Amino acid sequence: MKVLLSFFFTAFLFCTAADAQSLDSLLPVRGFCIAAPKPAQLERFIGFIKTELAPRNLNTLVLRVDWNYQYKTHPELSDKDALSENDVAKLVKAAKESGIRVIPQVNLLGHQSWASTIHNLLREYPQFDETPAVKMPEKYAWPNADSLYCKSYCPLHPDLHQIVFAIMDEICDAFESDAFHAGMDEVFYIGDKNCPRCSGRNKALLFAGEVNKIQEHLSLKNRSLWIWGDRLIDGRTTGIGMWEGSFNNTYPAIDLISKKVVINDWHYERPDPTAALFALKGFQVITCPWRNAPNAVQQTRDMIQFRKSATDSTRKNYLGMMQTVWSGAEQFLNEFYSNPDNPQAPGLTASNCFRTMYDEINGKNKIAQK
Ligand SMILES: [Zn+2]
């Protein structure tokens, strides 16, 4: 009996290893992106890594940390209830034991505010604000007269990068990470006509300059840069629009930034196959769905097909898939474990999309595509 059990156990281990190996060639990156948990949710989130992420053969976890860390270099930028160095060590250990690489994200350039709240960098250093004349509204509404979606920092402010680079170095050290995610999506304020440094400058050059500056700093410690891809897509010509593509003339930056930058190509409304655009330009690219499960299945199949049909030179650029979650970790875990539907848009939840996409990746998806 003991011998039999041992045989089954060995066979199980072998199957798991073999599955992971064949998945690595099918989709080298199998990711999940979410806000880093607050300290009160840490243990619960670690449980989620072990019981839900690892068994699905996931191997990459992007955690949006932003100011949810007790920075020693710049404590003034930390949230009040932020993760400690010890908390992060626990999280990284759990991920490593599950074979998962962790990449921290701090939003750079754009997303320096949300709705009517200024985030910590511009709160502490208002001189970095690209549009200081735009005041935060008491009650935020979109659209608005200022076209305020999120504030941006001024990439040409001479005192900015000393602070940003210290934050990047510290968070990568804490997460023992060989990559850093800088966000850089949905940058609407760039090259503002009233900025004394940026006024009149080419927006693609400004965007590319900031990407390259960040990439060059990371490369000093052999770390790679990940960013969202939307500012590099021509939103008008493609019909993709002003969110998932660029209407503010940043898109020529696709030919100006380092090919070492890894592109996270997010599409939430339609499964636009723009991974091919990036891969053929020489970028490594990961396709990212959010809450539309049928789209995520289509995007996964497209990525697998791209890898199959590409030349040897281009195949290596199609890295894989990453589920994105835009609620906090606590809200997502509540949704994941209690399975509520989305009352505003039935069927459209990140937890449903996550389950379906990983069923598809692991060959367990029973839902046929339309
Ligand atoms: Zn500026």
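Calculation rules
Residues numbered from 1 in each chain as written. Predicted model: local features only at pLDDT ≥ 70, side-chain atom pairs only at ≥ 80, totals over all residues. Heavy atoms only, no water. Donors = N, O, S within 2.8 Å, 3.2 Å for Na, K, Ca; no water. Tetrahedral: all angles 85-135°; square planar, octahedral: opposite > 155°, others 65-115°. Buried < 20%, exposed > 50% of the residue type's maximum accessible area, 1.4 Å probe, protein only. Pairing = 2+ DSSP bridges. Helix = DSSP H or I, 4+ residues; strand = E, 2+ residues; numbered from the N terminus. Axes fitted to C-alpha atoms, helices over the stretch in contact; angles between N-to-C directions. Contact = heavy atoms within 4.5 Å. Right-handed = clockwise from strand over helix to strand, strands pointing away.

Engineer: Account for the coordination of the zinc ion, with residues named and values stated.
Structural biologist: The coordination sphere of the zinc ion, as far as protein atoms go, consists of Glu130 (OE), Cys154 (SG), Cys195 (SG) and Cys198 (SG), spread over 2.2 to 2.3 Å. One can describe the donor arrangement at the zinc ion as tetrahedral, given that its four donor atoms subtend angles of 101 to 117° at the metal. Taking the relative accessible area as the measure of exposure, Cys154 reaches 0% and is therefore buried. Residue class for Cys198 comes out buried when judged on its relative accessible area of 0%.

Engineer: If you had to explain the sheet that holds strand 1 (residues 29-35) to someone new, which residues and values would you point to?
Structural biologist: With respect to topology, eight strands assemble into a closed barrel ordered 1-2-3-6-7-8-9-10, the strand pairing being parallel. In this sheet, neighbouring strand axes are inclined to one another by 25° on average, regardless of whether the strands run parallel or antiparallel. Inspection of the sheet shows strand 1 paired to strand 2 (residues 60-64) by five bridges, in the parallel sense. Opposite Ile34, over in strand 2, you have Leu63 as the bridge partner. The strands touched by helix 9 (residues 293-309) are strand 9 (285-288) and strand 10 (318-324); relative to strand 10, the strand with the most contacts, the crossing angle is about 170°. Each of strand 1 and strand 10 is contacted by helix 12 (residues 350-361), which is oriented at about 150° to strand 10, the strand it contacts most.

Engineer: Give me the lowdown on the pairing of strand 3 (residues 101-108), citing residues and values where you can.
Structural biologist: Of all eight residues in strand 3, seven are buried; the element is thus mostly enclosed. Where strand 2 and strand 3 come together, five bridges link them in parallel fashion. Note that in strand 3 the partner of Arg64 across the bridge is Gln105. Taken together, strand 2, helix 3 (residues 85-97) and strand 3 form a β-α-β motif whose crossover is right-handed. By the bridge criterion, two bridges tie strand 3 to strand 6 (residues 179-183) in an arrangement that is parallel. For Leu108, the partnering residue across the bridge sits in strand 6 and is Gly183.

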